[in-house]
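# Notes for the structure review
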Amino acid sequence: MKHIFSAFLRDEPRVLTRVTSLFARRGYNIDSLSVGATETKGISRMTFISEAPEGMADQIQRQLEKLEDVLKVINHAHEKFVDRELVLVKVRVTPENRLEIRQIAEDFRARNVDVGRQSYVFEVTGDEGKISAFIEQMRPFGIVETMRTGRVALTRGSNADMPSQVYFDGESQALEHPLTGVAND
Amino acid sequence: MTGSQALLKTLEAHGVRHMFGHPGGAIMPIYDAIYDSPIQHILVRHEQGGGHAAEGYARVTGGLGVCLATSGPGATNLVTALADAMLDSLPILAITGNVATTLLGTDAFQEADITGITMPITKHNFLIRSADDVSKVVAEAIRIALSGRPGPVLVDIPKDVQQAQTDAPIVQPKPKAARLEPKEKDILEALELMKNAKKPVLILGGGACDASEAAYQFAKTSGMPVITTLMGLGNFPASDKQWLGMPGMHGSVAANRAISQCDVLIGVGMRFDDRVTGKTSRFAKNAKIIHIDLDSAEHSKLIPAYLPILADSAAALEALAAKISKLETPEWWANLEDWKARKPKRDEWGAASAIKTISNALTSDDIVVSDVGQHQMLTAQEHPFEHPRLWLNSGGAGTMGFCLPAAMGASIATGKRVIGIAGDGSSQMTIQELATLRKYDIPVKFAIINNGYLGMVRQWQEMFHDKRYSEVYLEDSNPDFAILASAYRIPGFTASTAAELEVAIKAWLSADGPAVLEVRVPNEHSVFPMVPAGKGLDEMLDDDPKNAQPEKIAVSR
């Protein structure tokens, strides 16, 4: 089963190496990993996806949390979440197909961020399914190159209104900052 | 003040009294500051020895062990000791020098990326880039090493940082964090499980070494049988009739049978290592497992815990002891008593009887350190450990060469004599530390059980490789250990028979300062009981199939 996790990391040298070296030495498979700064200075947030049986998913979370520079790990299996991915796709265009390509892009709400005589670069955001579908639609026209950011995720704030969206015993934690109560000195 | 002085002042503020190390180019400013420091530095002859000495120091005191090494090869020589400390959860602070920050990453002379190298074998590590950070980082490193589940922490300090001036204040130690108390609900659930148990068993691991009083209370009130793992020996007195021995590959018949048949198993401060469990699918098949540990990653890592309890071992056992009542399990005890009587036959003269003879000459307060191999398992089986923190061995990593330097560290820490028991193979991996014993007149009584083989490997080759003894024979090239000792100006004794041993032990133990005793034993003895690799605990061989009466070979299919 695919698990989607969020991890909060201190911005310390080699923190990403510590995390990925742990994945490697303990044999955890990582499908995608995406890191960025948070609203709090000195703390980064990472979303990563791992194909793992239930027991291993718990191990991934706990082993990661043992690292000194990892403040907290959330397994999003516990509450509903939203996730998004962004992709840039460079596709070849010809005078014959440019209208058709633009029509498909519009249907996907893709933005055309670079217009050339021989190519377009589209930016698409969405969940994994939408992104993959867009790439498949573009493939016959001739994709030059693509880059995906990997998925990023947040717990749904609406979980607080709808208890059925929370899958563990207890109240939704979606309206609290995930690091509330986590010591960081 | 320089970065080096800030380091030593911080160590002093944290109560460090001894450290073990070896100087070199990139750590010379620190050694210059050591010249004026009240902290005693013990000069070892190889950095690995310094690392194991720090482990011995930490294990007997329950506090921090400190070791130092220079950059490059000095630092990489610490790697084995750090890996060892990581697996046995020992609080070690390793300080390494490194090339100047301007040279980092340029393949400079004696440069090694030691923070990169030790990342998977330390609890955490740091590379300090400014003298202003030295005190803060070292204090944090010590806090990390000692807090929660202890472990080794490495601090790498480039040479220019050691030399640079700083006004940053010396960071004082933080008060110890409150111990992790168990949840009331978990304790009640555990008590309910135990109340209904017909065949309960308690296992104490190395993480319960500061919980031995609570464990004793709990065991006495409940009347429950107690097993101590290799790392937990001494956490419950071996002289007590409720003690069943050690579990696992070379565990006792009683301990392994009890685990295989119990209905409730309480594991405290242990991690269900593969040498303890044997084949996991056959481990405690009928039991509900209550696992008390303060590292949540250990819960259900290898053996699914029916009830994981995240708590300090002592806190949880105190809470349980306060509420448990006497369990009436006479049938279970009848079985246990029967199994306790089943012990492998020991030859009149062999490694086992030699170790037993040495053990008989010791007191229950003696610190005993073993190396890794057959003698380690035999010492664990034969010596009755009565108190915690008196037994040191390399349990998780199985590091040959652990004994001599660890015994040295334990003796420096306590000022007492320490008994080392090693093999002819393992002792030679760190034998150079005899010089350190001589230099500081450290009273380590070092016994070498010499069977002329890498005995444990030979045993496996005998049992599983058709006696094809590949590269395990040492007798043709071993030194005469008594002469070797005398070359280091340490008294050396030799015994080849039981009668000689009785005499030699007296001279060996009564010698002033360090002393070496070589005991020459027959070549081809094996350690039993044994659970063959990949088998379940219930498939254990109670005794050597060569010795055993047919009906005593208990191999269940």
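Residues numbered from 1 in each chain as written. Chains lettered and ligands numbered in written order. Predicted model: local features only at pLDDT ≥ 70, side-chain atom pairs only at ≥ 80, totals over all residues. Heavy atoms only, no water.

## Here we look at helix H21 (residues 498-510) of chain B
Residues and elements named next belong to chain B. Using the following cut-off: Only runs of H or I of at least four residues qualify as helices and only runs of E of at least two qualify as strands under DSSP, and these elements are numbered from the N terminus. Any helix carries an expected span of 1.5 Å times its number of residues minus one. For every residue, the accessible area (1.4 Å probe, protein chains only) is compared with the maximum for its type, and the residue is labelled buried under 20%, exposed over 50%, or partly exposed between those bounds. We call two residues in contact when some of their heavy atoms are within 4.5 Å.
Here H21 contains 13 residues, and its C-alpha end-to-end distance of 19 Å stays within 8% of the 18 Å for a straight helix at 1.5 Å per residue. Where H21 is concerned, the buried positions are Leu501, Ala504, Ile505, Trp508 and Leu509. Looking at the packing, one finds that the buried side of H21 touches helix H15 (351-360), strand E15 (418-423), strand E16 (444-450), strand E17 (492-495) and strand E18 (515-520).

## A few points about the environment of Ala81 of chain B
Residues and elements named next belong to chain B. By the secondary structure assignment, Ala81 is in helix H5 (residues 79-87). Take Ala81: its relative accessible area is 3%, and that puts it in the buried class. Taking the C-alpha atoms as reference points, Ala81 and Lys326, 245 residues apart in sequence, are found 44 Å from one another. Ignoring any residue separated from it by four or fewer positions in sequence, one finds Ala81 in contact with Gln48, Gly51, His52 and Glu55.

## Topic: empty space enclosed by the protein
Residue and element names in this part refer to chain B. Counted only if it meets this: Grid points spaced at 1 Å over the protein atoms alone were grouped into cavities, where a 1.4 Å probe fits but cannot get out, and pockets, open sets with protein on both sides within 12 Å along at least five of seven lines, with lining residues defined by an atom within 4 Å of a point. Grid points are joined across faces, edges and corners, and a volume is the space filled by probe spheres set on the points. Polar here means any residue other than Ala, Val, Leu, Ile, Met, Phe, Trp, Tyr, Cys and Pro, which are nonpolar, and Asp, Glu, Lys and Arg, which are charged; Gly is therefore polar.
Under the counting rule described, the total for this entry stands at 1 cavity of 30 Å³ or more. When its volume is computed, the largest cavity comes out at roughly 40 Å³. Lining the largest cavity are Glu55, Gly56, Arg59, Asp84, Asp88, Leu90, Met231, Leu392, Asn393 and Phe402. Looking at which element gives the most residues to the lining of the largest cavity, the answer is helix H3 (residues 47-61), with 3 residues. Of the residues in the lining of the largest cavity, the class split is 4 nonpolar, 2 polar and 4 charged.

## Some points on the domain arrangement of chain A
Residue and element names in this part refer to chain A. Rules: An automatic or database domain assignment is the source of the domain bounds shown. Note on terms: buried area is the combined drop in 1.4 Å-probe accessible area of two parts once they are placed together, counting the loss on both. Here, a salt bridge means any side-chain nitrogen of Lys or Arg that lies within 4 Å of a carboxyl oxygen of Asp or Glu.
Split by domain assignment, chain A resolves into domain 1 (2-79) and domain 2 (82-152). Just the C-alpha atoms count here: the centres of domain 1 and domain 2 sit 29 Å apart. Every contact between the two is made by 6 residues of domain 1 and, on the other side, 5 residues of domain 2. The contact between domain 1 and domain 2 buries some 420 Å² in all, and 59% of this surface belongs to carbon and sulfur atoms. Among the residues of domain 1 in contact with domain 2, Ile4, Ser34 and Thr47 are the three that bury the most area, contributing 60% of the side total. On the surface where domain 1 and domain 2 come into contact, there are 0 salt bridges.

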